Every structure is written in structure tokens, then in C-alpha cells.
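In case you want the letters, here they are:
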Amino acid sequence: EAGVAQSPRYKIIEKRQSVAFWCNPISGHATLYWYQQILGQGPKLLIQFQNNGVVDDSQLPKDRFSAERLKGVDSTLKIQPAKLEDSAVYLCASSVTGVRTEAFFGQGTRLTVV
Amino acid sequence: AQKVTQAQTEISVVEKEDVTLDCVYETRDTTYYLFWYKQPPSGELVFLIRRNSFDEQNEISGRYSWNFQKSTSSFNFTITASQVVDSAVYFCALSEAQHAGKSTFGDGTTLTVKP
């Protein structure tokens, strides 16, 4: 079974530029999560999708971050404009619908804002 | 609000030593899930175990064992006879029962196993 796919693996941009990350979840997983992991910290949830609807985006800095999951499969996370403090690894995870399932994580996209 | 504390930032052991990683959590929920994940240098989070709040049985899987004590809100992880390949960052996480994949993570413990 293929895992969660993310691209790109690495991205370096200048502050105030925009950037987008892509995630393809495990086939059949209706729930998709984006996490932000700052160096030395644990992952922090940014947004949760159930199919193509947002379940929780309370931790998403909506003035600069946006995410969508058109058609309920792939998802894109965008930052515009980027700040230095956005440097982090952005992890995508997916899970089947239900209460007894854990999330499966992709390898993440490491973003460096200079 | 949920909170997970991993007080040990870094641990270094010599191969074949046993090592215990501590995890203390806070939640107001009566039903919840606890997890341990391993993050090797490649960056991917690898699921190790899920434990629901009603099951306080300790679990052993090969060299890994977990001790869940609801009375002290702790979910500790022990690696017996550590190996160099165990070197990684280990995260403890807590989830609400309705969405097991929506987790609050601790800040991780970096384990280094020296040959």
C-alpha cells in the first residue's frame, strides 16, 4: 500500500514570497491533516479535512495560510506571504474515517524562509 | 485543553542498555487515545502504538514495552537492549476519542544509542 506522498521535499524561499505544498493521502482515507513542525518541537495541527470539508482550522493562521482539498483527495497548503517564522517541516497525514484509527504521516516538506 | 509533556529532551545510552522515555499528559476528556511515534532522520513519523484510555494493560512488542498509568497520567515507553537503529526522536501524542488522528504532540525525546 502506497503511503502519504508529499512534494516538494525541500523548499527555500525569501520572506514575503509565496509557496505551496502538495499532499496525496493514502487511497481511501477520507480524513487529511496538515501539521507544522518547527525545529525542536512536536508537530502542531494546522487544519483537518473530512473529505473536501474543513473540520478544524482553528490553529491555521488564516491571514497568510490557506488550504484546500478539492474533490476530497489531494490537498494543497499555501503560505502567502511567507515569514521567517514559517520555517518548519510541514507534515501531511491521513486516516480512515472512524474513532479507532491513527494517522499515517508523509515525509514532510522542509521549508526554509530566508 | 490537551497537553503532553516529555521532560527528557535528549537521552544518550550505550547499545544494549535499557532506556525509558517518559510521557505525562493532561486532558479533561474521559475517553482519549495515547500514541507513540518514532521520527528517524528521514523525517517521517512512524506509528508505534495506540492505547485507549479504557485499556490500562501494559503492552510488549519485541524489545518495546509501554506502561500506561491513568492514575498518574503517564504513558511511558521502554526499549530493552537498545540498538543503534533505535536512534531517533520519539514523540508521545494525545488525541480526542472522536478523531484519533487529530493529535496533540509532546516536544519529543531525542534518543541516541551509541555502539
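Structural data are supplied above this passage.
Note that the structure is a prediction, hence the values are computed from the model and not measured.

Participant: I would appreciate a short explanation of the state of the cysteines in the present structure.
Facilitator: Cysteine pairs can be covalently joined through their sulfur atoms, and such a bond is termed a disulfide. What the rule picks out here adds up to 2 disulfides over all chains. Through a disulfide, A:Cys23 is tied to A:Cys92; the S-S separation comes to 1.9 Å. Residues A:Cys23 and A:Cys92 are joined through a disulfide that is left-handed, its torsion about the S-S bond being -70°. Pair noted here: A:Cys23 is in strand S3 (residues 19–24) and A:Cys92 is in strand S9 (residues 88–95), with a separation of 69 residues, a long-range link. Here the two residues A:Cys23 and A:Cys92 agree in accessibility, since each one is buried. Two residues, B:Cys23 and B:Cys92, share a disulfide whose sulfurs are 2.0 Å apart. Handedness here is read from the sign of the S-S torsion; for B:Cys23 and B:Cys92, about -65°, the answer is left-handed.

Participant: What is the right way to read the interface of chain B and chain A from this model?
Facilitator: Reports often express the size of an interface as the amount of accessible area lost when the parts come together. If you look at the interface, chain B gives 21 residues, while chain A gives 22 residues. Carbon and sulfur atoms make up 47% of the area that chain B and chain A hide from each other, which totals about 1800 Å². Broken down residue by residue, the surface that chain B buries against chain A is led by B:Leu45, B:Gly101 and B:Lys102, which jointly contribute 26%. At the level of secondary structure, the elements contributing two or more residues to the side of chain B that touches chain A comprise strand S5 (32–39), strand S6 (46–52) and strand S11 (103–105) of chain B. Examining the composition of the side of chain B that touches chain A, we find that 4 residues originate from one element, S5(B), more than from any other. Tallied by class, residues from the side of chain B that touches chain A come to 9 nonpolar, 8 polar and 4 charged.

Conventions used here
Along each chain, residue indices are assigned from 1 in the same order as the chain's sequence is written. Starting at A for chains and at 1 for ligands, labels are handed out in the order in which the entities are written. Only residues with pLDDT of at least 70 are given local features in this predicted model, and only at 80 or more are side-chain atom pairs given and counted; all residues enter the totals for whole chains, interfaces and linings. The side-chain numbers reported here are obtained from all heavy atoms of the structure, hydrogens and water having been left aside. Here, two cysteine sulfur atoms that lie within 2.5 Å of each other are counted as a disulfide. Runs of E in the DSSP output that reach at least two residues are strands. Runs of H or I that reach at least four are helices, and both are numbered from the N terminus. The cut-offs for exposure are 20% and 50% of the maximum accessible area for each residue type, with area from a 1.4 Å probe on protein chains only; residues under the lower value are buried, those over the upper are exposed, and the others partly exposed. In this analysis, two residues are considered to be in contact whenever any of their non-hydrogen atoms come within 4.5 Å of each other. What gets called buried area is simply the loss in accessible area from a 1.4 Å probe that two parts show on being joined, summed for both. Classes in brief: Ala, Val, Leu, Ile, Met, Phe, Trp, Tyr, Cys and Pro nonpolar; Asp, Glu, Lys and Arg charged; the others, Gly included, polar.

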